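# Survey of secondary and tertiary structure
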Amino acid sequence: MSDATLHDARLSACPACDAAPLAQRIAGRGGAEDIILSLPTIHCATCISDVERALLAHPGVREARVNLTLRRVTVDAPGLAAPELIPVVEAVGYEAHELDPAALSASAADRQGRDILMRIGVSGFAMMNIMILSVAVWSGAADATRDLFHFLSGAIALPTVAFAGQPFFSSAARSLRAGRLGMDVPISLALILASAISVFETLHSGHHAYFDAAVMLCFFLLVGRYLDYRTRAVARSAAEELTALEVPRAFRLTASGDEPVPVSELILGDLIRLRPGARVPADGEIIEGASEIDRALLTGESIPVPAAPGMALSAGEVNLTGQLILRVTAAGRDSSLARLTQLVAAAESARGRYTSLAERASRLYSPMVHLLAFASFLCWYLATHDLRRAVNIAAAVLIITCPCALGLAVPAVVTAASGRLFRRGLLIKDGTALERLAEVDTVVFDKTGTLTMGVPQLVSLDPLPMEQRPMALALAQASSHPLAQALAQALIAVGTVPAVLGDVREQPGNGVLAMMGDTQVRLGRAEWLGASHGDATMSATWFQFADMPATRLDFVDRLRPGAEEAVTQILASGRRVVLLSGDAEPVVRDLAGRLGIAEWQADVSPMAKADRVGALADEGCHVLMVGDGLNDTAALSMAHVSLSPASALDAARTASDMVMLGNDLSPVPEALTVARKARARIKENFSISVLYNIVAVPFAIAGFATPLMAALAMSLSSISVTLNALRLR
């Protein structure tokens, strides 16, 4: 049995879903599962940097990727377990829990949102009551009356700040215990300073107390955090959408009837019943029944496909019409849906150039904030000897310079862009591909299986003599080339039995050869067999027995849906389009003419494709290579960024940065457009963050901003960055 057969028996029939395990196999993980930890308290770029740095410093950890949207970290640490890594994360001040992907749901995120809303409600109610008391003070209440109102305000404000500000205080305490300055440290310090000044003024019968400002500050900070949470929820990542497809339970067939069981309890070989309208809970093979399957959410295909015994289904697909019995081939964390989810989450967590820049800036920012606030306090106190005013200005500086907007500048954009592309049927395997895709100015297409469907049909078997058909079938079955596979199907359909051949070898880009006794037989390209393709515009392969003239076998193929539209849009965008194919010149010329591609090259070997892509790079071009065959793998690896259809061979999909889940090529130009827009949004977000600080920080240092105004400005800057990212949707 071939490797491909073993692979198909083990995994789903959905080619796109194989990308994650194949990528892991190429990376040499040896089948080891990643450890996933939930990080419920992280909220910024500094948190990401702290957690990843701590884990990577731990012996045995090869890779750690934090996903801010999903609040989790995926750790590649062979031989280690979650209980060994949780203390590492907690040592730097973050709460961590082991996460079972099979049990994921949106409930944790919903609880977090409800918790913030509850604290907003408490602080808002307290704020309104304190404002009523403050009106009396502002209206001229003096002496004992003023002191009474201050005491009442303090009685309401202090418990409110302690309760509503708990998320900021807890985060700040963890940061300080870990010996670092997180973003919530200056916020907590500002709340404490505002409250402490108010208590001091009240105890000394001062004219001014700021309990109302402290509670309002807490209220608006919480509102800003909730709006940030909601906008991130709107930008819901593709990984989270895939997680939502997971089915919690299945109906397992037992001697006593159908037994509902959690999907995590299913094992290899279990029989499960799939009812009409139900989502497939695990990867499996149909052993009984007939139906139609909706694969739209996983592959982008809107047309249901017929389902019959022997067909493999993937978790997440929907059974439409008939009842089916499935034999489980993979479930839970081993299912194709779970692996695809992990791959998408890994892409969203990848560190690109802009992400690294934002993280470095955030790490430097927090110490600078404290130094700036202390310098402001010192200068104002020495200049005015007014402790109250100096402390207020220092608190405003602490709040207004919080780098939340800078930390959100990149993750918000990447999440929105990758989610949009996934919904259009493009899976980004490498998170840095989005940045590289924005630089593309040249698109190189393969022909068969890429611009065309790669499912050719033999025109006629008549040219092939009956006595040579068994040998041709044996050679065709040994090749992965679409023409060879089409020939094999046609020969089997007429009842041909394959001959027994020896020393069967495939030469990528040329064909297959073998020995029939002492005689060599070959199947492949015309040039390899010494034949001539002529001027025919149909694809063809040749069969040769011994030194006899090669027999030509013609095939018809059709364009992939959206191919013409994709090429037209790419050319209209000003990018260069090149067609490279190993097919004969008349066939390639005809296709290039139909699609309007001026630059094309026929009879290209696999290494020549890679050399051509390399030559384009040497010219200064940033190449997107789109290909699907074994002969495209080297070129895909050489390109600046690469893309393969879901129908591509395993090696091609593994070598690619992106996988096109459906059959339509029209998402390709959209991906190029979205990538450039994403780069523009990231630059805009950086500009917003920098401009905000250029304007706001001097304003606060000059004493024109109260802590309350600072809280409003900081929240607005974070929200504006996230909303700008959401424009990609």
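Residues numbered from 1 in each chain as written. Predicted model: local features only at pLDDT ≥ 70, side-chain atom pairs only at ≥ 80, totals over all residues. Heavy atoms only, no water.

### Things to note about the confidence of the model for the chain
Residues at a pLDDT of 70 or more form 77% of the chain, whose mean pLDDT is 77. Confidence scores differ between elements of the chain, with helix H2 (residues 19-26) showing the lowest mean pLDDT of 34 and strand E15 (residues 442-445) the highest of 93. This stretch, residues 1-32, has a pLDDT under 50; its non-local contacts, to residues over four places away or in other chains, come to 50 contacts. Here residues 234-239 is modelled with pLDDT under 50, and outside its nearest four sequence neighbours on either side it reaches 23 contacts, counting other chains as well. (pLDDT = per-residue confidence, 0-100. Helix = DSSP H or I, 4+ residues; strand = E, 2+ residues; numbered from the N terminus. Contact = heavy atoms within 4.5 Å.)

### Some remarks on the pairing of strand E7 (residues 271-274)
The two faces of the sheet receive side chains in turn, since in a regular strand these alternate between them. Residues of E7 alternate between two faces, with Ile272 and Leu274 buried on one and Leu271 and Arg273 left unburied on the opposite face. Bridging between E7 and strand E13 (residues 324-330) involves four bridges; their strand directions are antiparallel. Residue pairing in the sheet places Arg273 in a bridge with Ile325 of E13. (Buried < 20%, exposed > 50% of the residue type's maximum accessible area, 1.4 Å probe, protein only. Pairing = 2+ DSSP bridges.)

### So, the pattern of salt bridges
A full pass over the atoms with the stated rule returns 20 salt bridges. Here Lys609 makes a salt bridge to Asp446, at a shortest N to O gap of 2.7 Å. Of this pair, Lys609 sits in helix H23 (residues 606-618) while Asp446 is found in the loop between E15 and helix H18 (447-451), placing the two residues 163 residues apart along the sequence. With a shortest N-O distance of 3.8 Å, Arg594 and Asp590 are connected by a salt bridge. In this pair, Arg594 and Asp590 are both assigned in helix H22 (residues 585-595), four residues apart and thus about one turn of the helix distant. Arg594 gets classed as partly exposed once you look at its relative accessible area, which sits at 46%. (Salt bridge = Lys/Arg side-chain N within 4 Å of Asp/Glu carboxyl O.)

### Considering the packing of helix H8 (residues 184-203) against helix H14 (residues 387-400)
Close contact between H8 and H14 brings their axes to 8 Å; oriented N to C, the two are set at 160°. By the criterion of interaxial angle, the relationship of H8 to H14 is roughly antiparallel. Between H8 and H14 lies a crossing of left-handed hand. Within the contact between the two elements, H8 uses Pro186, Leu189, Ala190, Leu193, Ile197 and Glu201 and H14 uses Arg388, Val391, Asn392, Ala395, Leu398 and Ile399. (Axes fitted to C-alpha atoms, helices over the stretch in contact; angles between N-to-C directions. Parallel < 35°, antiparallel > 145°, perpendicular 65-115°, else oblique. Left-handed = near helix turned anticlockwise from the far one by under 90°.)

### Focus on the nonpolar core
Of all hydrophobic cores here, the largest spans 46 residues; its most connected members are Leu437, Phe445, Leu451 and Leu624. Looking at which element gives the most residues to this core, the answer is helix H26 (residues 667-701), with eight residues. Judged by nonpolar contacts, the second largest core, of 41 residues, contains Ile130, Phe168, Ile187 and Val397. (Core = buried A, V, L, I, M, F, W, Y, C linked by side-chain atoms within 4.5 Å.)

### Points about the side chain of Thr442
Here Thr442 is to be found in strand E15. Note on Thr442: relative accessible area 1%, which makes it buried. Once residues within four sequence positions are removed from consideration, Thr442 is found in contact with Arg576, Val578, Leu616, Cys621, His622, Val623 and Leu624.

### Considering the sheet that holds strand E20 (residues 539-545)
In spatial order, the strands read E16-E21-E20-E19-E18-E17; together these six strands make up an open sheet with antiparallel pairing. Edge positions in the sheet fall to strand E16 (457-458) and strand E17 (502-507), since each has one partner strand and no second. Judged from the six bridges that link them, strand E18 (residues 511-516) and strand E19 (residues 519-524) form a sheet pairing that is antiparallel. Across the sheet, the residue bridging to Val512 is Leu523, located in E19. Relative to the sheet, helix H19 (residues 469-477) contacts E18, E19 and E20, its axis offset from that of E19 by approximately 60°. Strands in contact with helix H20 (residues 482-493) are E16, E19, E20 and strand E21 (551-556); relative to E21, the strand with the most contacts, it is inclined by about 95°.

### Considerations on H20
For H20, built from twelve residues, the straight-helix expectation of 16 Å at 1.5 Å per residue is met to within 8% by its first-to-last C-alpha distance of 17 Å. Listed as buried for H20 are Leu483, Ala484, Ala486, Leu487, Ala488, Ala490 and Leu491. (Expected span 1.5 Å × (residues − 1).)

### What to know about H22
Among the residues of H22, Pro586, Val587, Val588, Leu591, Ala592 and Leu595 are the ones counted as buried. Buried positions along H22 lie against H18, E20, helix H21 (563-572), strand E22 (576-580) and strand E23 (599-601). The positive-phi residue at the C-terminal boundary of H22 is Gly596, with phi of around 80°.

### Things to note about the sheet that holds strand E11 (residues 312-313)
Ordered in space as E6-E5-E7-E13-E8-E11, the six strands form an open sheet in which the pairing is antiparallel. With one partner strand each, in any of the chains shown, strand E6 (257-262) and E11 form the two edges of the open sheet. Summarising the sheet, strand E5 (residues 249-254) and E7 pair through two bridges and their orientation is antiparallel. Directly across from Arg252, in E7, lies its bridge partner Ile272.

### As for the environment of Phe445
Turning to its location among the elements, Phe445 is positioned in strand E15. Judged by relative accessible area, Phe445 falls into the buried class, the value being 0%. Taking the C-alpha atoms as reference points, Phe445 and Val626, 181 residues apart in sequence, are found 5.0 Å from one another. Setting aside chain neighbours within four positions, we find Phe445 in contact with Thr450, Leu451, Val567, Ile570, Val577, Val578, Leu579, Leu580 and Val626.

### Notes on the side chain of Arg252
With respect to the helices and strands, the residue Arg252 is situated in strand E5. Within the local environment of Arg252, its side chain forms a polar contact with the side chain of Asp270, the two groups lying 3.1 Å apart. If near-sequence neighbours (up to four positions away) are discounted, Arg252 is found in contact with Gly257, Asp258, Glu259, Val261, Glu265, Leu266, Asp270, Leu271 and Ile272. (Polar contact = N/O pair within 3.5 Å; in protein donor to acceptor, adjacent residues only side chain to side chain.)

### What to know about the packing of aromatic side chains
One pass over the full model with this rule turns up two aromatic pairs. Taken together, a centroid distance of 6.1 Å and an interplanar angle of 10° make the contact between Phe377 and Tyr381 stacked. Taken together, the residues Phe377 and Tyr381, both in helix H13 (residues 353-384) and four residues apart, mark about one turn of the helix. Between Phe699 and Phe704 the ring centres are 5.6 Å apart and the planes differ by 50°, which places this aromatic pair in the tilted class. With a relative accessible area of 39%, Phe699 lands in the partly exposed category. Across from the ring centre of Phe251, 4.1 Å away, lies the NZ or CZ of Arg275, which sits over that ring. Across the ring face of Trp528, the terminal group of Arg522 is positioned such that the distance to the ring centre comes to 5.0 Å. (Phe/Tyr/Trp six-rings, centres within 6.5 Å; stacked < 30°, edge-to-face > 60°. Lys NZ or Arg CZ within 6 Å of the ring centre and 35° of its normal.)

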